[in-house]
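# Summary of structural features
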Amino acid sequence: MTILVTGGAGFIGGNFVLDWLAAHDETVVNLDALTYAGNLETLQSIQHDARHVFVHGSIGDRALLEKLLAEHQPRAVINFAAESHVDRSIHGPADFIETNIVGTFNLLESVRAYWSGLDSERKQAFRFLHVSTDEVYGTLSPEDPPFAETNRYEPNSPYSASKAASDHLVRAWHHTYGLPVLTTNCSNNYGPYHFPEKLIPLVILNALAGKPLPIYGDGQQVRDWLYVKDHCSAIRRVLEAGKLGETYNVGGWNEKANLEVVKTICAILDELKPRADGASYAAQITFVQDRPGHDRRYAIDARKLERELGWKPAETFDSGIRKTVEWYLANQQWVDNVASGHYRDWVDQHYGQPA
Ligand code: NAD
Ligand code: TYD
């Protein structure tokens, strides 16, 4: 059997593919456009593994999708492919509309055509799992309960609006065409192989490089941190037992203000790799201009997933953040190649232009 993963050279998709192949013998076809966020070095350990078929291409390419689906006959498609960074969406929203909305539409249409042609047993067993974000629910004030699956969609950034639109398409393809879909909306992930434009890896790498640690605004914005491997286990569980057409919120029960997150990272680095001058890395904290439209608080109520499918995160923030800092310290080559942009050369040498 085979699954098709899109965006599997990115942060979460890459972790998902590695974890999947560590636990299953089922082949993974991995379609990724290798944008700046795609990094094949993340997948180096499975480079010669016959169970991993990497395809350089876009979810916007219907002809390629039709060919891949016909050739590999997957029993499931898991859609991670997206533009994912809020700050980039503020500076240039067009790619977010193209990939997150139009790309998801193309993928849904290609999958629908493929699924319609399956025999009834395979048609029933087929799943399309769409990976989305808690940011579609908008922002919370300190006293609000965390986001439940029943919350209204109130996206505030071009990124979250594009993800909200994709979630609506997925929902409509289920209600209108009967496509067997599942949607997961998760909180902020962190862990190994995270691209250093996002808060946690940026702070670890800037700290080690002696650079400022930029805190937007007052640093009191709250995010609910989810260790990426916990997110991957939740996706596997939803794929296995989720109820068709349902959405599941995935969170780590770890609400933290940004400033607290940054100070925690500094304290772990002070212990594991003290600065030469004996000062704390916290001395590098710098308050900078706030992000426009910055959502104040996200928090996930993950009780549905626990109640219905028995999933719970394995990591606390303390255990997950320590593992994450240790991973960045131990994987200097991955870090250096990302920081220098060298990982792009590797892509060009191995894959050239998209299929
Ligand atoms: P990422 O930016 O690290 O990776 C995205 C991957 O998608 C990259 O490998 C990129 O090359 C690929 N991609 C982009 N456009 C593509 C296209 N047109 N066709 C094929 N591949 C394409 O993102 P991530 O953090 O791994 O996020 C994965 C998914 O999870 C996204 O849908 C994101 O919205 C969602 N999500 C992420 C977080 C988080 O904290 N990182 C939280 C909630 C939801
Ligand atoms: P980020 O990792 O970009 O995720 P998201 O915007 O999807 O939540 O940012 C996490 C939080 O950290 C968010 O409140 C913005 C803040 N932040 C900073 O304070 N400084 C930074 O340099 C970055 C990248 C983010």
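Residues numbered from 1 in each chain as written. Chains lettered and ligands numbered in written order. Predicted model: local features only at pLDDT ≥ 70, side-chain atom pairs only at ≥ 80, totals over all residues. Heavy atoms only, no water.

For clarity, the cut-off: UniProt positions are given in the numbering used here, feature names are shortened, and annotations may be inferred rather than shown by experiment.
As recorded in an unreviewed UniProt entry, the protein chain goes by dTDP-glucose 4,6-dehydratase and comes from Chromobacterium sinusclupearum. In UniProt, the protein chain has this text filed under Catalytic activity (unreviewed entry): "dTDP-alpha-D-glucose = dTDP-4-dehydro-6-deoxy-alpha-D-glucose + H2O".

### Considerations on the overall build of the protein chain
The criterion, for reference: Only DSSP runs of H or I reaching four residues or more are called helices, and only runs of E reaching two or more are called strands; each is numbered from the N terminus. Radius of gyration: C-alpha atoms only; globule rule: 2.2 Å multiplied by the number of residues to the exponent 0.38. Partly exposed residues are those whose accessible area sits between 20% and 50% of the maximum for their type, while under 20% is buried and over 50% is exposed, using a 1.4 Å probe and protein chains only. Should any heavy atoms of two residues lie within 4.5 Å, those residues are counted as being in contact. For every accessible area listed, the method is Shrake-Rupley and the probe measures 1.4 Å; residues are considered covered only by the protein chains on display. Charge counting treats Lys and Arg as positive and Asp and Glu as negative, with His and both chain ends excluded. For the purpose of locating charges, the reference atoms are NZ of Lys, CZ of Arg, CG of Asp and CD of Glu.
Secondary structure summary: the protein chain contains 13 helices and 13 strands in total. Since a compact globule built from 355 residues should have a radius of gyration of about 20 Å, the 20 Å found for the protein chain is in line with a globular shape. Sorting the 355 residues of the protein chain into buried and exposed places 54% on the buried side. Within the protein chain, contacts between residues at least 6 apart in sequence are counted, and of these 81% link residues at least 24 apart. Carbon together with sulfur atoms contributes 50% to the accessible area of the protein chain, which is approximately 14,900 Å² in total. Here the protein chain holds 33 positive side-chain charges and 45 negative ones, and the gap between their average locations is 3 Å.

### Points about the site of ligand 2
To be explicit about the condition: If a single non-hydrogen atom of a residue is within 4 Å of a molecule or strand, that residue counts as near it. Each polar contact in these results corresponds to two N or O atoms within 3.5 Å; when the atoms are within protein, one needs to be able to donate a hydrogen and the other to accept it, and residues that are neighboring in sequence are counted only if both atoms are side-chain atoms.
Around ligand 2 lies a shell of 17 residues, among which Glu135, Pro214, Arg223, Arg291 and His294 are the nearest. Side-chain polar atom of Asn258 to an oxygen atom of ligand 2: 2.9 Å apart, as the coordinates give it. Arg291 places a side-chain nitrogen or oxygen 2.5 Å from an oxygen atom of ligand 2. Its free accessible area being 510 Å², ligand 2 has 96% of it covered by the protein chains.

### Points about the pairing of strand 3 (residues 52-56)
This is how it is decided: Any two strands are treated as partners once DSSP identifies two or more bridges connecting them.
Where burial is concerned, most of strand 3 is hidden: four out of the five residues are buried. When strand 2 (residues 27-32) meets strand 3, the two strands line up parallel, connected through five bridges. Bridge pairing in strand 3 places Asp32 opposite His56.

### Structural notes on the site of ligand 1
The following threshold applies: Residues are sorted three ways: Asp, Glu, Lys and Arg are charged, Ala, Val, Leu, Ile, Met, Phe, Trp, Tyr, Cys and Pro are nonpolar, and all the rest, Gly among them, are polar.
Ile12, Asp32, Ser84, Tyr159 and Lys163 are the nearest of the 29 residues found near ligand 1. Between Gly10 and ligand 1, the recorded distance is 2.9 Å, taken from a backbone N or O atom to an oxygen atom. A total of 830 Å² of accessible area belongs to ligand 1 in isolation, and the protein chains cover 95% of it. A per-class count over the shell around ligand 1 returns 13 nonpolar, 14 polar and two charged.

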